[in-house]
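Structure at a glance
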Amino acid sequence: MDFLLFFVLASLGGAALVAFVIVRATDRASHSAITSYFKASEFILEHHRPPPEWIMTAPGGWLRGRTIRPVNKGDVMARLDELIEFFEDCSFFEDEFAREQLLLKLREEREDWRSKLQI
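Residues numbered from 1 in each chain as written. Predicted model: local features only at pLDDT ≥ 70, side-chain atom pairs only at ≥ 80, totals over all residues. Heavy atoms only, no water.

1. Side note on the overall build of the chain
Of the regular secondary structure elements, the chain holds four helices and two strands. For the chain, the proportion of its 119 residues judged to be buried stands at 19%. Intrachain contacts of the chain at a sequence separation of at least 6 include 54% that bridge at least 24 residues. As displayed, the chain offers around 9100 Å² of accessible surface, 61% of which is attributable to carbon and sulfur atoms. (Helix = DSSP H or I, 4+ residues; strand = E, 2+ residues; numbered from the N terminus. Buried < 20%, exposed > 50% of the residue type's maximum accessible area, 1.4 Å probe, protein only. Contact = heavy atoms within 4.5 Å. Areas by Shrake-Rupley, 256 points an atom, 1.4 Å probe, with all protein chains shown as cover.)

Below, the structure written as structure tokens:
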């Protein structure tokens, strides 16, 4: 009987630990993604150019080498479109006016980039 009680408590503890790790990892990943979107938008609106991490990329990840290659113009525009789509559905704004202002400025940047890049 004592063994059964110990097994049940250990199983519940293990399940709680696994649930905690999953929730914590999901929280950190979503926080990181949301933060990267807001940082990218701030950089774009402040400097009127793509963030540095959008311009250069390391193929194969950090384990396969450190060769850096430029990203093509279409990829940069696709990332800007993805950023705009994110903010269209994002609920992390004080009010609707703030969202509309950010979207307006990002759309203006997109049109400016299109004219500069001839895309």
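Anyway, onward from the coordinates.
2. Some remarks on the packing of helix 3 (residues 73–89) against helix 4 (residues 96–117)
At a minimum axis separation of 10 Å, helix 3 and helix 4 run at an interaxial angle of 165°. Classified by the angle their axes make, helix 3 and helix 4 are roughly antiparallel. Both helix 3 and helix 4 take part in a crossing whose hand is left-handed. On the side of helix 3, the interface is formed by Lys73, Val76, Met77, Leu80, Asp81, Leu83, Ile84, Phe87, Glu88 and Asp89, while helix 4 contributes Arg99, Leu102, Leu103, Leu106, Arg107, Glu109, Arg110, Trp113, Arg114 and Leu117. (Axes fitted to C-alpha atoms, helices over the stretch in contact; angles between N-to-C directions. Parallel < 35°, antiparallel > 145°, perpendicular 65-115°, else oblique. Left-handed = near helix turned anticlockwise from the far one by under 90°.)

3. Details of the pattern of salt bridges
Applying the stated criterion across every chain, the model contains six salt bridges. Residue Arg24 pairs with Asp27 through a salt bridge whose shortest N-O separation is 4.0 Å. With Arg24 and Asp27 both in helix 1 (residues 2–47) and three residues apart, the pair spans about one turn of that helix. For Arg24, a relative accessible area of 45% puts it in the partly exposed group. The exposure class assigned to Asp27 is partly exposed, which follows from its relative accessible area of 43%. Ionic contacts of the salt-bridge type, sharing partners, join the residues Asp81, Arg110 and Arg114 into one network. (Salt bridge = Lys/Arg side-chain N within 4 Å of Asp/Glu carboxyl O.)

4. Quick word on the side chain of Arg110
Within the secondary structure, Arg110 is located in helix 4. Here Arg110 is in contact with Met77, Leu80, Asp81 and Ile84, once residues within four sequence places are set aside.

5. Focus on the nonpolar core
Counting residues in hydrophobic clusters, the biggest one holds 16 residues, and the most contacted among them are Ile44, Trp54, Leu80, Leu83, Phe87, Leu106 and Trp113. Put simply, the parts of the chain that give this core at least two residues each are helix 1, helix 3 and helix 4. The dominant element in this core, judged by the number of residues it contributes, is helix 3, at seven residues. (Core = buried A, V, L, I, M, F, W, Y, C linked by side-chain atoms within 4.5 Å.)

6. Here we look at the environment of Ile44
Relative to the helices and strands, Ile44 is located in helix 1. Through-space distance from the C-alpha of Ile44 to that of Lys105 is 9.6 Å; in sequence the pair is 61 residues apart. Residue contacts for Ile44: discarding those within four places in its chain leaves Arg49, Pro51, Trp54, Leu80, Leu83, Leu106, Glu109 and Trp113.

7. Overview of the confidence of the model for the chain
Of all residues in the chain, 85% have pLDDT values of 70 or greater, and the mean over the chain is 83. Per-element mean pLDDT across the chain ranges from 56 in strand 2 (residues 69–70) up to 91 in helix 4. (pLDDT = per-residue confidence, 0-100.)

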